[in-house]
Amino acid sequence: MITFFLVGLTVHIVFFLSIFDIYFTSPLVHGMPPHATLLPPPASRLILIVADGLRADSLFMPLHNGSSRTPYLRSIIEEKGTWGVSHTRVPTESRPGHVALIAGFYEDVSAVAKGWKENPVEFDSVFNQSRRTWCWGSPDILPMFAKGASGDHVYTHTYPAEEEDFASTDASRLDTWVFTQVKSFFHSAKSNSSLKAYLLEDKNVFFLHLLGIDTNGHAHRPMSQQYLNNIGLVDSGVAEVVSIIEEFFNYDGRTAYVFTSDHGMTNWGSHGAGHPSETLTPLVVWGAGVQTAQRATDPQPYIDEYLQDWKLEEIRRVDVNQGVLPLPYLNNTDHFKAQSMYTNALQVLEQFKIKMSQRKDTTLSFFFTPYQLLTESKQEEFIERAKMLIRLQKYVDAVSLCQSLISHALEGLVYYHTYDRFFLGCSVVLGFVGWTSYVVLLILKTHASLIRNPSILRQVRIPNHTLARVFMCLAVAIVAFLLVQKSPMTYYIYCLLPVPVWYSVVSFFHRAMLTLGLAVLSLWPFVCGIFGRSKLRSLSWFFSCLCLAVFPLMPVMGRESNIHLVLCGGVLTFFTSACFLFSLWQRSVLHPCDRQQFMLHVVVCAYVPFLTHSSLQQKQGLPLLNQIISWTTLASSLLVPLLSSTRLFHRLLSILLSLTATYLLLSTGSEALFPPALSWLMYVWINIEQEAMLAQGYKDMHTSNIDISKIRQLKLDDIRRSYFFVFFIITAFFGTGNIASINSFDPTSVYCFLTVFNPFIMGGLMMWKVIIPFIIVMCTFETIQVVTQLSSRSLFLIVLVISDLMALHFFFLVQDYGSWLDIGTSISHYVIVMSMTIFLMLLSVVTHTFTSQRLALWRRPKIHFP
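All of these numbers come straight from a predicted model, not from anything done at the bench.

## Examining the nonpolar core
Now for step 1: Ranked by size, the top nonpolar core spans 69 residues in total, and within it W541, W685, F725 and F728 carry the most contacts.
Now for step 2: Sorting the residues of this core by element identifies α21 (512–521), α23 (535–549), α25 (592–617), α27 (648–665), α28 (674–695), α29 (716–734) and α31 (759–787) as the ones contributing at least two each.
Now for step 3: With 16 residues, the single largest contributor to this core is α31.
Now for step 4: Formed by 49 residues, the second largest nonpolar core is a distinct cluster that contains W136, L174, F186 and W286.

## A closer look at α28
Now for step 1: Its 22 residues give α28 an end-to-end C-alpha distance of 31 Å, which sits within 8% of 32 Å, the value for a rise of 1.5 Å per residue.
Now for step 2: Within α28, 19 of the 22 residues are buried, which leaves the element mostly enclosed by the surrounding structure.

## Looking at helix α7 (residues 173–189)
Now for step 1: Here α7 spans 24 Å end to end across 17 residues, near enough to the 24 Å set by a 1.5 Å rise per residue.
Now for step 2: All buried positions along α7 are accounted for by L174, D175, V178, F179, V182, F185, F186 and A189. Buried residues of α7 fall within an arc of 140 degrees about the axis and therefore sit on the same side.

## Quick notes on the sheet that holds strand β5 (residues 204–210)
Now for step 1: Ordered in space as β4-β3-β5-β1-β6-β7-β2-β8, the eight strands form an open sheet in which the pairing is mixed. In this open sheet, the two edge strands, each paired with only one partner strand, are β4 (154–158) and β8 (320–321).
Now for step 2: With five bridges joining them, strand β3 (residues 132–137) and β5 adopt parallel strand pairing. Across the sheet, C135 pairs through a bridge with F207, a residue of β5.
Now for step 3: α7 rests against β3, β4 and β5 of the sheet, and its axis sits at about 155 degrees to β5.

## Notes on the pairing of strand β1 (residues 45–51)
Put simply, side chains in a regular strand alternate between the two faces of the sheet.
Now for step 1: Counting buried positions over the seven residues of β1 gives six, a clear majority of the element.
Now for step 2: Across seven bridges, β1 lies against β5 in parallel orientation. Pairing of L46 across the sheet is with V205, part of β5.
Now for step 3: One ladder, built from six bridges, connects β1 with strand β6 (residues 255–260); its direction is parallel. When the bridges of β6 are listed, R45 appears paired with T255.

## Observations regarding the side chain of R317
Now for step 1: When you line up the elements, R317 lands in the loop between α12 (306–310) and β8.
Now for step 2: Judged by relative accessible area, which is 4%, R317 ranks as buried.
Now for step 3: Side chain to side chain, R317 and D304 meet in a polar contact 3.0 Å long.
Now for step 4: For R317, the contacting residues outside a window of four places in its chain are W83, G84, V85, Q300, Y302, D304, Y306 and L307.

## Concerning the packing of α27 against α31
Now for step 1: Two elements in contact, α27 and α31, have axes separated by 10 Å at closest approach and are oriented at 175 degrees. Here α27 lies roughly antiparallel to α31, going by the angle between them. Contacts between α27 and α31 pair L648, L652, I655, L656, L659, T662 and Y663 from the former with W768, K769, I772, P773, I775, I776, C779, T783 and V786 from the latter.
Now for step 2: For the contact of α27 with α31, a count of residues per class yields 13 nonpolar, two polar and one charged.

## Topic: the pairing of β3
Now for step 1: The buried fraction of β3 is high, at six of six residues.
Now for step 2: Along β3, one buried face is formed by R132, W134 and W136 and the opposite face, lined by T133, C135 and G137, is buried too.
Now for step 3: Inspection of the sheet shows β3 paired to β4 by five bridges, in the parallel sense. Bridge assignment links T133 to a residue of β4, and that residue is V154.

Definitions and cut-offs
- Residues numbered from 1 in each chain as written.
- Predicted model: local features only at pLDDT ≥ 70, side-chain atom pairs only at ≥ 80, totals over all residues.
- Heavy atoms only, no water.
- Core = buried A, V, L, I, M, F, W, Y, C linked by side-chain atoms within 4.5 Å.
- Buried < 20%, exposed > 50% of the residue type's maximum accessible area, 1.4 Å probe, protein only.
- Helix = DSSP H or I, 4+ residues; strand = E, 2+ residues; numbered from the N terminus.
- Expected span 1.5 Å × (residues − 1).
- Arc of directions from axis to C-beta.
- Pairing = 2+ DSSP bridges.
- Contact = heavy atoms within 4.5 Å.
- Axes fitted to C-alpha atoms, helices over the stretch in contact; angles between N-to-C directions.
- Polar contact = N/O pair within 3.5 Å; in protein donor to acceptor, adjacent residues only side chain to side chain.
- Parallel < 35°, antiparallel > 145°, perpendicular 65-115°, else oblique.
- Nonpolar A, V, L, I, M, F, W, Y, C, P; charged D, E, K, R; others polar.

Structural data, given as structure tokens:
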């Protein structure tokens, strides 16, 4: 069993890690020769101002009286600059948004493995290409651009990370800090000759990162007065900073200003997905080299109604997509525009050439299939035509041709980046199918009462040495092929793994399907005949399934916080626990510790979240006592059950109370009702399985201890139990939409523990919230194994087959494009199914300890049932 455990764990870890090599490798290339426009630039310096989390409508929408909450920027739009909507690309998060703005490419998807916190690979940026860059703002954003810069010419000034507190009275102080620092910087430069000399040079960039709007949006929602007032503060701060900068440079007209946002925010205070409120951000540009405000003489080509809502129908609107040079923003000659677009095309084409060369060098010539739309001959043709058109001063045609070249080059980059995906996918599929086949054979051989004819088996058996030679030759051929291809070391693992596996030898995305499945499961006692034996338990099963079926129908996004539902969750947990206690009272004498734990649970889950959210609403911050209670409850949630009685239902009740207390502390609304509903169904499941065993002639496990010598063989009914387990696990994960809340950042659920921004601790707490229902179901399944007198290995093998088949399906549905919600959900589906298998291997021991062991100063005989 230990050997099987280690081999199975290794195989599934390889399967688990494979998606990061197949789907989430860095698309960036290095080593390209630089290309620059030789024409003189229209500006000497750039002021980049990014208002983190600012929605387009929040900036452009006028007030009810017709005035604007941003009078300075409104005047820029109407008189001095060019404006539009920046259609940001998902995932709509701070790091991806800033990388796209400053580095000019969409966020490296391999950064998801590092929580969007660290640079997975080095990349170039506008800051790195500047002569010097000065940055002020958040410690979460600025360092990643300084870290990747060559030399020492990017200077960052950040406030302490503790200042990013969602419970603060008003996070606009973060933006006030930035404006104060910038003003002080230019003031000190007047008396600092060396600094002043640096500032007067060209190619300088000044970056102001304003996090206050984003923080206020998370804490108070975008429609709150704090969020809206913060926008007004930013407008006045920008006006003052622009005035100081213009005065410092003596109004030389060589400064360009860009005001925009990295992403927007939903009405419920989250971002990460693709809702228009998240992807539509404001863009206002003015100053040197920028086109001034243009009056629109004809109806503007936009099908939305934003122009009418924002009262900007008469001002020309120029929308942009990140990564495309927005020529209408430039106030320069047609020659300058065409030459700039030509240089941009050469930059993208050089990346394509490097990527094509790398792929060609690692692929056998007769296997290599080039990207047909941009072969080497077509590349040269594009370049020569563009040069000729510029020489002939046909600038419009040159721009159009260069845009076409950029489009083809970007498509080609994707083509070569995913070139090996099919090959690696097939290797992993072979491994999946081989492992599943091996487990099925193992079940049939060791855990099923099948009639076997040894003489027939001997006749069809292939000699082991012959089989070994065949697979050895196959392995050598694979190694030789990969060596010739110069493949990475991980390719050897994925391609060779199916060899020993074969030698040893569906799921749902629409959450409403969970509702349908639970509705079907609710009829099971009536179909299999249990209703005739136990009407009360059958009806309890029916209604508990229907109650749990409501949760998948609830929205996963856009849920407003409702602390009263958390209180209802505590009340329902109280009622559910009381029913359990009453049932235990009918069977045995209750221990005082059970009642004390019950009362403690109710106090924690009902009082702390309510008081915490009330304190935050009153701008009083997170109470220290509540924080201590929350962290203590979390730390003791796995220890407290080990102090309770080892009687099985006593222990299950203790597990329910301790874990649900933590879950409620992490809840903000309707999901708080999920644990009591799930626990009710799990309790009924244990009892109804007992009825099923009695119907088959087995003894009542409540009146007898387990006889290990009578552990039985597998039956068809055990496949049904394993299926129930897998279905309940999936329901526990996806039933409440907690996965979506992780993949679309919303820190509200962790406010009882901390309010200062810390993505790793917050992400860990939200992940623990997702895992809690998983543990409840696993402990129930451990009890089912005891009740049904079945070896844990037997049911484990069946579940292994089911989960591997599901994982294989999810493997093909992993995606590395779209919003963080889309990417994260696709990863979550695969990771959860794979983790379910790995956790079953690892946590089977933990849950066994969790349900059967007890911490005591003296030894007592362990008994499962009273």
